[in-house]
Amino acid sequence: TFNLSENNRISLKTELLQNPFVVSASYTSTMPTIDEDSKMIYRIKGSEGSSYFNYLRVDADFQKTLKFSLDQGRFFQNNISLEENNIIINKAAAKVLGITDITSQIIHCDNTNQDLRIIGIMENINMRSLRDISFPLILQSAKTERYLSLRILPGNFTQDIQTTKETWEQFNRE
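Remember, it's a predicted structure, so these values are computed and weren't measured experimentally. Along each chain, the written sequence defines residue order, and numbers are assigned to residues from 1. The model is predicted, so local features are restricted to residues of pLDDT at least 70 and side-chain atom pairs to those at 80 or more, both for listing and for counting; the totals for chains, interfaces and linings are taken over all residues. Heavy atoms throughout the structure, all of them, feed into the side-chain values; hydrogens and water do not.

**Student:** Is there a simple way to think about the layout of surface pockets in this case?
**Tutor:** A probe as big as a water molecule, rolled over the atoms, marks out the empty space that is left. Each pocket or cavity is described by its volume, and for the largest pocket that value is around 250 Å³. For cavity detection a 1 Å grid was placed over the protein atoms alone, and a set of points counts as a cavity when a 1.4 Å probe fits there but cannot get out; an open set counts as a pocket when protein lies on both sides within 12 Å along at least five of seven lines, with lining residues being those that have an atom within 4 Å of a point. Residue lining of the largest pocket: 16 residues in total, with Ile10, Lys13, Asp59, Asn78 and Lys143 positioned closest to the centre. What counts as a helix is a DSSP run of H or I of at least four residues, what counts as a strand is a run of E of at least two, and both are numbered from the N terminus. Broken down by element, the lining of the largest pocket gets its largest block of residues, 4 residues, from helix α1 (residues 6–17). Grid points are joined across faces, edges and corners, and a volume is the space filled by probe spheres set on the points.

Listed below in structure tokens is the structure:
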């Protein structure tokens, strides 16, 4: 969906969610299984030691679409202005940072010179092959991004894919 304007991305997602076979949909900056290393330098605010972490920008429906659980805290809400300085880390990132409790934990991103509050610790998810070890991951909230993932009901996948393709083509005529 990276060729679409933000308004068209929102409209595409809304339209796809009208289909009875679509359970949920989520925009992300990359997709699981795409071998793309998006990394930033993070550290506990006030500490000298920093590390590279993979990061992913996701919308508020990411957890519902990928079906993973949080060990602590909460997931992003659908109000981007309230979430812009919040992050969620996975267990692998928590281990690297030495975090066992998210209460009042502030992470500094050296790349953007931004302080970010941890609002959740999620389980490790495989972003590549299921054979690969889950790497430290930081999620940041976004309204829309380049990729749209769909969770669909089991059933007539051929027809569901065709319907999805037709909907996509309505929005991507250029």
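**Student:** Sorry, what's going on with the pattern of salt bridges here?
**Tutor:** A pair can form between side chains of opposite charge whenever their charged atoms are brought close. In what follows, salt bridge is the name for a side-chain nitrogen of Lys or Arg lying within 4 Å of a carboxyl oxygen of Asp or Glu. A full pass over the atoms with the stated rule returns 9 salt bridges. The salt bridge involving Arg57 is made with Glu145; its shortest N-O contact spans 2.8 Å. Remark: Glu145 occurs in the loop between β8 (137–141) and β9 (147–152) and Arg57 occurs in strand β3 (residues 51–58); sequence separation between them is 88 residues. Since its relative accessible area comes to 30%, Arg57 is described here as partly exposed. Three exposure classes are used, based on accessible area relative to the maximum for each residue type with a 1.4 Å probe and protein chains only: buried under 20%, partly exposed in between, and exposed over 50%.

**Student:** What's the story with the nonpolar core in this structure? I'm lost.
**Tutor:** Across soluble globular proteins, nonpolar side chains have a tendency to be buried as a group. Only buried residues count toward a nonpolar core. Its members are Ala, Val, Leu, Ile, Met, Phe, Trp, Tyr and Cys residues joined through side-chain atoms within 4.5 Å. Ranked by internal contacts, the top residues of the largest apolar core, which has 16 residues, are Tyr42, Ile87, Ile89, Ile99, Ile107 and Ile118. Those elements giving two or more residues to this core turn out to be β2 (39–44), β5 (86–90), α4 (91–97), β6 (106–109) and β7 (114–122). Note on definitions: a residue-residue contact is assigned when non-hydrogen atoms from the two residues lie within 4.5 Å. Non-local contacts of Ile89, meaning those with residues more than four positions away in its chain, are made with Ala94, Leu97, Ile99, Ile118, Gly120, Ile121, Met122, Leu137 and Ile138. Judged by nonpolar contacts, the second largest core, of 13 residues, contains Leu56, Ile119, Ile125 and Phe135.

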